[in-house]
Amino acid sequence: MTTQKALPNDLIDSLLSNYQKPEDLIGENGLLKQLTKALVERALQAEMTEHLDHNKHEPVTNSAGNARSGKSHKTLKGEFGELPIEIPRDREGSFEPQLIPKHQTRWTGFDDKIISLYSRGMTVREIQSHLTDMYGTEVSPTLISFVTDAVSEEVTQWQSRPLDPVYPVVYLDCIHVKVRDAGAVRAKAVYLAIGINMEGQKEVLGLWITQTEGAKFWLGVVTELKNRGVQDIFIACVDGLKGFPEAIEPVYPKAAVQLCIVHMVRNSLNYVGWNKRKRVASDLKRIYTAATSDEAEQYLTEFEAKWEDAYPPIAASWLNNWSRITPFFDYPPEIRRIIYTTNAIESVNMSLRKITKNRGSFPNDEALIKLFYLALMNISQRWTMPLRDWKPALNRFTIQFEERMPQQ
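Residues numbered from 1 in each chain as written. Predicted model: local features only at pLDDT ≥ 70, side-chain atom pairs only at ≥ 80, totals over all residues. Heavy atoms only, no water.

On to the pattern of salt bridges, then. Under the defined criterion, the tally for this structure stands at 11 salt bridges. Between Arg286 and Glu302 there is a salt bridge, with the nearest N and O atoms lying 3.3 Å from each other. With a gap of 16 residues between them, Arg286 in helix α11 (residues 277-288) and Glu302 in helix α12 (residues 293-307) connect regions that are remote in the sequence. In this structure Glu302 comes out as partly exposed when scored by relative accessible area, which is 33%. Glu334 serves as the salt-bridge partner of Arg396, at 3.7 Å between the closest nitrogen and oxygen. Here Glu334 lies in helix α15 (residues 333-341) and Arg396 lies in helix α18 (residues 390-400), a separation of 62 residues in the sequence. Judged by its relative accessible area of 31%, Arg396 is partly exposed. Glu334 gets classed as buried once you look at its relative accessible area, which sits at 19%. (Salt bridge = Lys/Arg side-chain N within 4 Å of Asp/Glu carboxyl O. Helix = DSSP H or I, 4+ residues; strand = E, 2+ residues; numbered from the N terminus. Buried < 20%, exposed > 50% of the residue type's maximum accessible area, 1.4 Å probe, protein only.)

Structure, rendered in structure tokens:
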């Protein structure tokens, strides 16, 4: 490990001899900006000396007779604002600066700043305003689009990357977004597949855009997952996705399709005012935490009797979907908790809605996919720990699906 040499105190004292207020240090014409300019230009002169094999004003010693020939000027954009830099030139034009390569107009890391702001839902206009306010540098909409478009290839690679052989649980859900298509703004569904891997960590497997869902669409999705290496899914949790049960059977015949309990509860509470949500949620919890399906059915009957007059759609929804909810009770409590307590879908949806709320619509599908990809990369950085209760759940998966568990 290399130890950095500390700056001498007398040098620091000398630099700060005229310091009176913060602007003297970090302002538009402050010491830090002047020092950055001086150091960069000194380093470029050192690079030129290395290139020519002689110092400035010294005799030419290289065999080609190449020497310094004036300077060129460029303005670099960065967190310090705009900084004019003088670049030394040589007669042959063969000098290739390493610190600031030719055609570079932005400091390394400045593009990452733009992408970071974009991924958090800022519009192009908001990014422009932010960079102007914070760093005093003007950035054109074309530059912002150019920088963010650079992730398109990364998106393609991510969407086709190899996946794990087995995901015990996969959640499938969608969020609706307005996109301009053929001159008209249309509502499109962005479908997400989020898997829980063998380590108990959440992982976004892919995202897809479509205007209509159905067996044909979902067959394409699950076939893509299979082609990318997913050999088995134990439980697929869905929110009533049309055509999905029919599509998954040919590709993953042993997978159990379970109506997502998280979504059932969320959809039910949409009918309830804030003052009664806790009570209704508590009564719903009795249903999905029951020991058996018979006990759950009894609690559902009691729920209907209690809340039918106030919220008739809730019990009706649970009754109509009961056959798709009851497979849930075939699993032991450890596996059930993984299905209904994880906020895998809820947290992602909430984050994605935050970044889309400031946009009336997206100009095209590519812009939508680009933003969602960047946002999902931000979100997934927080997924560093396994789900709570994963160890007991994994033990039960090992017992219940022994012949389907991957060989360690």
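Here the focus is empty space enclosed by the protein. All told, the structure shown has one cavity of 30 Å³ or more when counted by the stated rule. Considered as a void within the structure, the largest cavity measures approximately 30 Å³ in volume. Forming the boundary of the largest cavity are Val170, Leu172, Val222, Leu225, Ile233, Ala236, Phe244 and Ile248. At the level of elements, β3 (166-181), α8 (215-227), β6 (232-238) and α9 (244-251) are the ones that each hand at least two residues to the lining of the largest cavity. Looking at the lining of the largest cavity, its residues break down into eight nonpolar, no polar and no charged. (1 Å grid on protein atoms, 1.4 Å probe; cavity = no way out; pocket = protein on both sides within 12 Å on 5 of 7 lines; lining within 4 Å. Points joined across faces, edges and corners; volume = space filled by probe spheres on them. Nonpolar A, V, L, I, M, F, W, Y, C, P; charged D, E, K, R; others polar.)

To describe a pair of aromatic rings, one takes the distance between the centres and the angle between the planes. Counted according to the given criterion, the structure contains 12 aromatic pairs. Pairing Trp322 with Phe329 gives two aromatic rings, centres 6.4 Å apart and planes at 45°, and the pair type is tilted. Its relative accessible area of 9% is what places Phe329 among the buried residues. A network of ring pairs unites the aromatic residues Tyr191, Phe217, Trp218 and Phe244 as a single cluster. (Phe/Tyr/Trp six-rings, centres within 6.5 Å; stacked < 30°, edge-to-face > 60°.)

Attention now moves to the layout of surface pockets. Estimated volume of the largest pocket: approximately 250 Å³. As for the largest pocket, its lining consists of 13 residues, of which Val262, Val265, Arg266, Leu269 and Glu346 are closest to the centre. Where the lining of the largest pocket is concerned, the elements lending two or more residues are α10 (261-269), α11 and α15. Broken down by element, the residue count for the lining of the largest pocket peaks at five residues, all from α10. Its residues placed into classes, the lining of the largest pocket shows seven nonpolar, two polar and four charged. Roughly 210 Å³ of internal volume is contained in the second largest pocket. Surrounding the second largest pocket, Tyr118, Thr123, Val124, Ser145, Thr148, Asp149, Arg359, Ser361, Phe362, Pro363, Ala367 and Lys370 form its lining. Where the lining of the second largest pocket is concerned, the elements lending two or more residues are α6 (141-149) and α17 (365-380). Among the elements that line the lining of the second largest pocket, the one with the most residues is α6, at three residues. Partitioned by chemical class, the residues of the lining of the second largest pocket number five nonpolar, four polar and three charged.

A separate point is α8. Taking 1.5 Å of rise per residue, the 13 residues of α8 would be expected to cover 18 Å, and the 18 Å separating its terminal C-alpha atoms lies within 8% of that figure. Among the residues making up α8, those that are buried are Phe217, Trp218, Val221, Val222 and Leu225. Around the axis of α8, the buried residues are gathered within 125° of arc, so they sit on the same side. Structural note: α8 exposes Lys216 and Asn227 on the side pointing more than 90 degrees away from its buried face. Where α8 is buried, its residues meet β3, β4 (184-196), β5 (202-210) and α9. Positioned one or two residues after α8, Gly229 has a phi angle of 115°, which is positive. (Expected span 1.5 Å × (residues − 1). Arc of directions from axis to C-beta. Contact = heavy atoms within 4.5 Å.)

Turning next to the sheet that holds β3. Read across the open sheet, the five strands follow the order β5-β4-β3-β6-β7; overall the sheet is mixed. Looking at which strands have only one partner, the edges of the open sheet turn out to be β5 and β7 (256-259). This sheet shows a mean twist of 25° between the axes of neighbouring strands, independent of strand direction. With eight bridges joining them, β4 and β5 adopt antiparallel strand pairing. By the bridge assignment for β5, Gly195 is matched with Glu203. (Pairing = 2+ DSSP bridges. Axes fitted to C-alpha atoms, helices over the stretch in contact; angles between N-to-C directions.)

Turning next to the side chain of Asp173. Inspection of the secondary structure assignment puts Asp173 in strand β3. It is Arg266 that comes nearest to the buried, bridge-free Asp173 among opposite-charge side chains, at 4.7 Å. Within polar-contact distance, the side chain of Asp173 engages the side chain of His263 at 3.1 Å. (Lys, Arg positive; Asp, Glu negative; His and termini not counted. Polar contact = N/O pair within 3.5 Å; in protein donor to acceptor, adjacent residues only side chain to side chain.)

Keep in mind these values describe shape, not function.
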